[in-house]
Amino acid sequence: MSVEGLPAGMATQDRDDDGRFSEKIRDQDVLKAFDAETTDDDPYLTVGEVADALAEHWDVEVTDEAVRARLERMRDDETVDRRQFGPGVAYRALVAPRLAADVTEAVEATGGELADGETTSHDDLWERLDE
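## Details of the pairing of strand β2 (residues 80-85)
- Bridge count between β2 and strand β3 (residues 88-93): 6 bridges; the pairing is antiparallel. Within the sheet, the bridge partner assigned to R82 lies in β3 and is Y91.
- Joining the antiparallel neighbours β2 and β3 is a turn of 2 residues, in which G86 adopts a positive phi near 60°.

The following block contains the structure:
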């Protein structure tokens, strides 16, 4: 299917069941980009860095403007913070991404193991391997 006026191969944005445009990125996608790319020492990302992380890690191609709009909505929701760096702007996540359902289930399934002494530390495992 080709869309008149768009270059060949350029994707158009999908519509949901109600005919509204669906969003290419979600808050979760942006938070995962922060999780993958930031450190405690350097928690800020620029709009371009978020877009690059989405493309690199999850094959999500999105414009800087779409990322900027999403980050500003997230700032309004107080899930990210914005900081001026000279002439530029960078953002910092204030919350972590949600765990995937299967990870949450696995964590909950092991809930009492640590308290009950049913787990082994990494140090103990390495000692056993050295024996």
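## Some details on unusual backbone geometry
- Unusually for a residue other than glycine, D59 sits at a positive phi of about 55°.
- Structurally, D59 is set in the loop between α2 (47-58) and α3 (64-76).
- A relative accessible area of 67% means that D59 is categorised as exposed.
- Phi is positive for E78, which is not a glycine, with a value near 60°.
- Within the secondary structure, E78 sits in the loop between α3 and β2.

## Quick look at the sheet that holds β3
- The strand order across the open sheet formed by 3 strands is β1-β3-β2, and the pairing between neighbours is antiparallel. Looking at the sheet topology across the chains shown, the edges are occupied by β1 (44-45) and β2.
- Against the sheet, helix α1 (residues 27-37) engages β1, β2 and β3, with an angle of about 95° to β3.

## Points about the packing of α1 against α2
- The N-to-C vectors of α1 and α2 enclose an angle of 90°; their axes lie 9 Å apart at closest approach. Between α1 and α2, the interaxial angle falls into the category roughly perpendicular. Mapping the contact onto sequence places D29, V30, K32, A33, F34, A36 and E37 in α1 and V50, A53, L54, H57 and W58 in α2.
- Residues of the contact of α1 with α2, tallied by class, amount to 8 nonpolar, 1 polar and 3 charged.

Basis of the calculations
Residues numbered from 1 in each chain as written. Predicted model: local features only at pLDDT ≥ 70, side-chain atom pairs only at ≥ 80, totals over all residues. Heavy atoms only, no water. Pairing = 2+ DSSP bridges. Helix = DSSP H or I, 4+ residues; strand = E, 2+ residues; numbered from the N terminus. Buried < 20%, exposed > 50% of the residue type's maximum accessible area, 1.4 Å probe, protein only. Contact = heavy atoms within 4.5 Å. Axes fitted to C-alpha atoms, helices over the stretch in contact; angles between N-to-C directions. Parallel < 35°, antiparallel > 145°, perpendicular 65-115°, else oblique. Nonpolar A, V, L, I, M, F, W, Y, C, P; charged D, E, K, R; others polar.

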